[in-house]
Amino acid sequence: PPRSTLSSSSAASDVYKRQVLDHIRIVLNGAKTFSKLVDCWNSCQIESFEENFKKINTLEIEANSLKNSALQELSKAGPALLFRQDLVRIVRSVDQIIDLAQGAAFFFKKVDQDWIPPEEISHNVRELTDRMVSVTKSLLEIIRALYQNLDRVREIAENIDREENSADKNYRTLIIELAKLNAPNGIPVLVRESVDRIEDMIDSARDAASNISLYAMSR
């Protein structure tokens, strides 16, 4: 390709990298905010719950804007930027995490605010959420490693896979407990909707890590 094309492709890649890092930082902030919201839900702290709910919505808007900017940058680079589809998949799978967090928070908000979850459900929701935050943190690490250390990329991706497998145990336990739960006003269904989305957040992080690994190996 002409030198000018290679130069514009490199510049687009650099801009994309900065935007993706900023995007993941906001998504991680959203994951941590969701974790705080879960604590408030477990202990019926209604005012703090509302504050964190609003913050997640604000962060989702910010993340969506950065996602669109990154995709636009890739579009401007055109075919000259190698493995462009891999980069598109990475940013979309990362963005899905905060979209799902917003959805999970919405269903928690619909649960009767005076209802206190049983200890077994509370404990497993907490553990599932902790694993979600952990894998989201790992995404920031894997993006940082992407341009520096391929072995580190592989190591982080494997750690995320292990976290996802452990999260499956929490998820299965929660599904069983919710099936047995005797609670009013459709509460088991609402909690199940939230739990499903937390599990999907972890799956999205795993998918993003897998896409990053494939991109790292193909560069």
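See above for the structure.
Residues numbered from 1 in each chain as written. Predicted model: local features only at pLDDT ≥ 70, side-chain atom pairs only at ≥ 80, totals over all residues. Heavy atoms only, no water.

1. Quick look at the side chain of Gln19
Formally: A helix here means a DSSP run of H or I that spans at least four residues, while a strand means a run of E at least two residues long, and both kinds are numbered starting from the N terminus. Per-residue accessibility, obtained with a 1.4 Å probe over protein chains only, is compared with the maximum for each type, and a residue is labelled buried under 20%, exposed over 50%, and partly exposed between these values. Here a polar contact means two N or O atoms within 3.5 Å. Within protein one must be a hydrogen donor candidate and the other an acceptor candidate, and residues neighboring in sequence count only if both atoms are side-chain atoms.
Looking at where Gln19 falls in the secondary structure, it is placed in helix H1 (residues 3-42). Its relative accessible area of 15% is what places Gln19 among the buried residues. At 3.3 Å, the side chain of Gln19 and the backbone nitrogen of Ala70 are in polar contact.

2. Some details on the environment of Ala209
Heads up, the condition is: Whether two residues are in contact is decided by their heavy atoms, any of which lying within 4.5 Å being enough.
Following the sequence through the fold, Ala209 ends up in helix H6 (residues 187-218). Residues Ala209 and Ser138, 71 residues apart in the sequence, show an inter-C-alpha distance of 8.6 Å. Excluding residues within four positions of it along the chain, Ala209 makes contact with Leu139, Ile142, Ala157 and Ile160.

3. Overview of unusual backbone geometry
Located in the positive-phi region is Cys44, a residue other than glycine, with phi close to 60 degrees. The exposure class assigned to Cys44 is partly exposed, which follows from its relative accessible area of 25%.

4. Some words on the nonpolar core
Soluble, globular proteins show a tendency: their nonpolar side chains are buried together. The line we're drawing: Side-chain atoms within 4.5 Å are what join buried Ala, Val, Leu, Ile, Met, Phe, Trp, Tyr and Cys residues into a set we call a nonpolar core.
Core analysis: the biggest nonpolar cluster contains 72 residues, and Phe34, Phe108, Leu139, Ile142 and Ile143 have the highest contact counts within it. Apart from the residues lying within four places of it in its own chain, the contact partners of Phe108 are Phe34, Leu37, Val38, Trp41, Phe49, Val125, Ser194 and Ile198.

5. Description of a nonpolar patch on the surface
Threshold: A patch consists of residues whose relative accessible area exceeds 30% and which take part in no salt bridge; residues with like charges are grouped when within 9 Å of each other, and nonpolar side chains (Val, Leu, Ile, Met, Phe, Trp, Tyr) when within 5 Å. Surface exposure here means Shrake-Rupley accessible area, sampled with a 1.4 Å probe, where a residue is shielded only by the protein chains that are shown. In what follows, salt bridge is the name for a side-chain nitrogen of Lys or Arg lying within 4 Å of a carboxyl oxygen of Asp or Glu.
Among the surface-exposed residues, Leu150, Leu214 and Met217 lie close enough to one another that they form a single nonpolar patch of about 280 Å² accessible area. Here Met217 lies in helix H6.

6. Concerning the pattern of salt bridges
If you walk through the whole model with that rule in mind, you get 15 salt bridges. A salt bridge links Glu193 to Arg197; its shortest N-O distance comes to 2.7 Å. In this pair, Glu193 and Arg197 both sit in helix H6, four residues apart, roughly one turn of the helix. On the basis of relative accessibility, which here comes to 27%, the residue Glu193 falls in the partly exposed class. Owing to a relative accessible area of 22%, Arg197 belongs among the partly exposed residues under this scheme. Its salt-bridge partner being Asp203, residue Arg206 comes within 3.6 Å of it at the nearest N-O pair. A residue pair is termed a helical-turn pair when its members lie 3 or 4 positions apart in one helix, as Arg206 and Asp203 do in helix H6 at three residues. Within this structure, Glu164, Asp203, Arg206 and Asp207 form a network of salt bridges that share partners.

7. Describing the packing of helix H5 (residues 150-180) against H6
Definition in use: Helix axes use the C-alpha atoms of the stretch in contact, all axes being lines fitted to C-alpha atoms, and the angles between their N-to-C directions lie in the range 0 to 180 degrees. Comment on the angle field: the value is read as roughly parallel under 35 degrees, roughly antiparallel over 145, roughly perpendicular from 65 to 115, and oblique elsewhere. Should the near helix be turned anticlockwise from the far one by less than a right angle, the crossing is left-handed, and should it be turned clockwise, the crossing is right-handed. Classification convention: Asp, Glu, Lys, Arg as charged; Ala, Val, Leu, Ile, Met, Phe, Trp, Tyr, Cys, Pro as nonpolar; all other residues, Gly among them, as polar.
With their axes 9 Å apart at the nearest point, H5 and H6 run at an angle of 165 degrees to one another. With respect to H6, the axis of H5 lies roughly antiparallel. Taken as a pair, H5 and H6 cross one another with a handedness that is left-handed. Here the residues of the contact of H5 with H6 sort into 18 nonpolar, one polar and eight charged.

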